[in-house]
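The primary structure of each chain is shown beneath.
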Amino acid sequence: MTVTAAASPSNWPEDALRLNAICPYYTMFPLDFPLQQLAAHSTATRVLDPFCGRGTTLYAARLAGLPSVGIDINPVAAAIAQAKLIQLTPGAVVRLARQILEGGMRGEIPEGEFWQRCFEQQTLLELVTLREALLELSTPASAMLRAVMLGILHGPRNKHLPSYLSNQMPRTYASKPGYAVRFWAKRGMEPVRVPTLEVIERRAKRLLEAAPLAHGGKVYLGDTVETLSSLRQKFDLVVTSPPYYAMRTYVADQWLRSWFLGGPPEVPYGTHGQIARQPTQEAFIQALAEVWAATARRCRQGARLAIRFGALPSSRTDPEQMLLASVKESKAGWVVKEVRPAGTPIKRKRQAEQFGKAGSAIDEIDLVAELVGLRR
Ligand SMILES: C[S@@+](CC[C@H](N)C(=O)[O-])C[C@H]1O[C@@H](n2cnc3c(N)ncnc32)[C@H](O)[C@@H]1O
């Protein structure tokens, strides 16, 4: 399929898109955005997303038959994004999970009421065992199993075949322990036994049976400016969405998934290098400018940079003005070609909707720039 033909997700069978939905992630953008950018820049050969989140851009590049690189400072994002680049049969994932579970239970069960109420005892043992084993593995099968686990770790309870391992919880973020315990206690909700291997098997089949061919690439866990300075490749298409100013919740809201990846069994409240932690708008603009400058250094002349950006209603900022200022401040040769409303369909989840529960959401914008002069 050519890049142009792939420009809309509707051009793909629904089952070829399932791997992209392996695990929800706050503030993911819809697949249409990177697919449209790929179609508009059909000579692209290698794609970069310096704030890759759950890897939507990387999956679009895979659909378009191109290699891609993603960078994110959040381990949960990087683990999900990594799976978007892997080619694997469902059987390989299930075999690894079975092998780990048959190897005997190990790992330390976290203490406290939250853990007793969130997972049934045997399910928790299996979960802890898989966590412990995966911490030591770095194969494609372990990366895929890790992402599958992140996707099934918590979510609503099903009446019939279970899809999630936890007691009732949202899928997109993990409730804070105190709140969750009160919620379950008030409703008399005890955790039920969920056979982990069965859920893994069903999920792996669903995600991988019709996954498109992978075309290579890599995901880096770390700060984007630091990582970009250590890369060798050159890119000709960059599609990305930085966190909105003052958005700091990526780590705390994903605390249960962070625990599965080796983090502490409680909510970490730090901001861990998140670019949006800057104290002032000016500092944030400057931090973004450094990212666009570092990106330019890894791009070819004529490269296209497409950015989706918005604002939290509570932050009272003008996203267009902020983004334009950051591109200008980068002094890196990016020439803005277009700024227009993102025109995201109302039903699609957007950063502004997910976080801006109070007040009216500010519309997102798409900015497109071209690298015309390389000033170093
Ligand atoms: C809006 S989200 C990207 C979502 C992505 N477009 C998707 O579809 O999933 C922004 C991401 O930037 C990441 N981020 C924040 N500061 C960063 C930094 N200094 N270096 C790398 N990534 C960073 C956050 O962890 C978050 O995952």
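A brief look at the structure comes next.

Cut-offs and rules
- Residues numbered from 1 in each chain as written.
- Predicted model: local features only at pLDDT ≥ 70, side-chain atom pairs only at ≥ 80, totals over all residues.
- Heavy atoms only, no water.
- Axes fitted to C-alpha atoms, helices over the stretch in contact; angles between N-to-C directions.
- Helix = DSSP H or I, 4+ residues; strand = E, 2+ residues; numbered from the N terminus.
- Left-handed = near helix turned anticlockwise from the far one by under 90°.
- Contact = heavy atoms within 4.5 Å.
- Nonpolar A, V, L, I, M, F, W, Y, C, P; charged D, E, K, R; others polar.
- Buried < 20%, exposed > 50% of the residue type's maximum accessible area, 1.4 Å probe, protein only.
- Polar contact = N/O pair within 3.5 Å; in protein donor to acceptor, adjacent residues only side chain to side chain.
- Pairing = 2+ DSSP bridges.
- Near = heavy atom within 4 Å.
- 1 Å grid on protein atoms, 1.4 Å probe; cavity = no way out; pocket = protein on both sides within 12 Å on 5 of 7 lines; lining within 4 Å.
- Sits in = over half its atoms within 2 Å of the grid points.
- Points joined across faces, edges and corners; volume = space filled by probe spheres on them.
- Salt bridge = Lys/Arg side-chain N within 4 Å of Asp/Glu carboxyl O.
- Core = buried A, V, L, I, M, F, W, Y, C linked by side-chain atoms within 4.5 Å.
- Expected span 1.5 Å × (residues − 1).
- Arc of directions from axis to C-beta.

1. What to know about the packing of helix H6 (residues 121–134) against helix H7 (residues 140–152)
Argument step 1. It is at 11 Å that the axes of H6 and H7 come closest, and there the two elements cross at 145°. In the packing of H6 onto H7, the handedness of the crossing is left-handed. On H7, the residues that touch Leu127, Leu130 and Leu134 of H6 are Ser142, Leu145, Arg146 and Met149.
Argument step 2. For the contact of H6 with H7, the class distribution of residues is five nonpolar, one polar and one charged.

2. A short note on the side chain of Thr196
Argument step 1. Mapped onto the elements of the fold, Thr196 is located in helix H9 (residues 196–208).
Argument step 2. When its relative accessible area of 0% is taken as the criterion, Thr196 is described as buried.
Argument step 3. In this structure the side chain of Thr196 is engaged in a polar contact, spanning 2.5 Å, whose partner is the side chain of Glu126.
Argument step 4. Leaving out residues up to four positions away in the same chain, Thr196 has contacts with Thr123, Glu126, Leu130, Met149 and Leu165.

3. As for the sheet that holds strand E6 (residues 334–341)
Argument step 1. Reading across the sheet, the seven strands line up as E3-E2-E1-E4-E5-E7-E6 and stay open at both edges, with mixed pairing between neighbours. Here the strands that pair on one side only, and so sit at the sheet edges, are strand E3 (217–221) and E6. Strand-to-strand twist across the sheet, computed as the mean angle between neighbouring axes with direction ignored, equals 15°.
Argument step 2. Here six bridges tie strand E5 (residues 299–309) to strand E7 (residues 365–371), and the two strands are oriented antiparallel to one another. Bridge assignment links Arg304 to a residue of E7, and that residue is Glu370.

4. Details of the site of the ligand
Argument step 1. Contacts to the ligand come from 23 residues, most closely from Tyr25, Arg54, Thr56, Asp72 and Ile275.
Argument step 2. Contact distances for the ligand include 2.8 Å between an oxygen atom and a backbone N or O atom of Arg54.
Argument step 3. Most atoms of the ligand, that is more than half of them, are within 2 Å of grid points of the largest cavity.
Argument step 4. Within the shell around the ligand, the residues separate by chemical class into ten nonpolar, ten polar and three charged.

5. Some remarks on the layout of surface pockets
Argument step 1. Taken as a whole, the second largest pocket encloses approximately 310 Å³ of empty space.
Argument step 2. Along its surface, the second largest pocket is lined by 14 residues, and Arg18, Ala21, Arg203, Arg206 and Leu207 are the ones closest to its centre.
Argument step 3. Looking at the lining of the second largest pocket residue by residue, the class counts come to seven nonpolar, one polar and six charged.

6. Points about the environment of Asp363
Argument step 1. Along the chain, Asp363 falls in the loop between helix H14 (351–355) and E7.
Argument step 2. Distance from Asp363 to Leu31, taken between C-alpha atoms, is 18 Å for residues 332 residues apart in sequence.

7. Side note on the pattern of salt bridges
Argument step 1. In this structure the tally under the stated criterion is ten salt bridges.
Argument step 2. A salt bridge links Glu126 to Arg193, with the shortest nitrogen-to-oxygen separation between them at 2.8 Å. One end of the pair, Glu126, is in helix H6; the other, Arg193, is in the loop between helix H8 (177–187) and H9, with 67 residues separating them in the sequence.
Argument step 3. With its nearest N and O atoms 4.0 Å apart, the salt bridge here joins Glu370 to Lys337. Placement of Glu370 in strand E7 and of Lys337 in strand E6 is noted, with a sequence separation of 33 residues between them.
Argument step 4. We classify Glu370 as partly exposed; its relative accessible area is 29%.

8. Side note on the nonpolar core
Grouped burial of nonpolar side chains is what soluble globular proteins tend to show.
Argument step 1. Counting residues in each nonpolar core, the largest one holds 116 residues, and the members touching the most others are Ile22, Phe114, Leu145, Met149, Leu256, Trp292 and Trp334.
Argument step 2. When residues no more than four places from it in sequence are discounted, the contact partners of Met149 are Leu127, Leu130, Leu134, Leu165, Thr196, Ile200 and Phe260.

9. Examining helix H13 (residues 319–330)
Argument step 1. For H13, which comprises twelve residues, the first-to-last C-alpha distance of 17 Å matches the rise-based estimate of 16 Å (1.5 Å per residue) to within 8%.
Argument step 2. All of the buried residues along H13 are Pro319, Met322, Leu323, Ser326, Val327 and Ser330. Along the axis of H13, the buried positions cluster into a sector of 130°, meaning they face one direction only.
Argument step 3. Among the structural elements, helix H12 (281–297), E5, E6 and E7 are those in contact with the buried residues of H13.
Argument step 4. Between the side-chain oxygen of the N-cap and the backbone nitrogen of Glu320 there are 3.0 Å, and the N-cap of H13 in question is Asp318.

10. Digging into the pairing of E7
Argument step 1. A large share of E7 lies buried, amounting to six of its seven residues.
Argument step 2. As defined by bridge partners, E6 adjoins E7 across seven bridges and the pair is classed as antiparallel. Directly across from Val339, in E7, lies its bridge partner Leu367.

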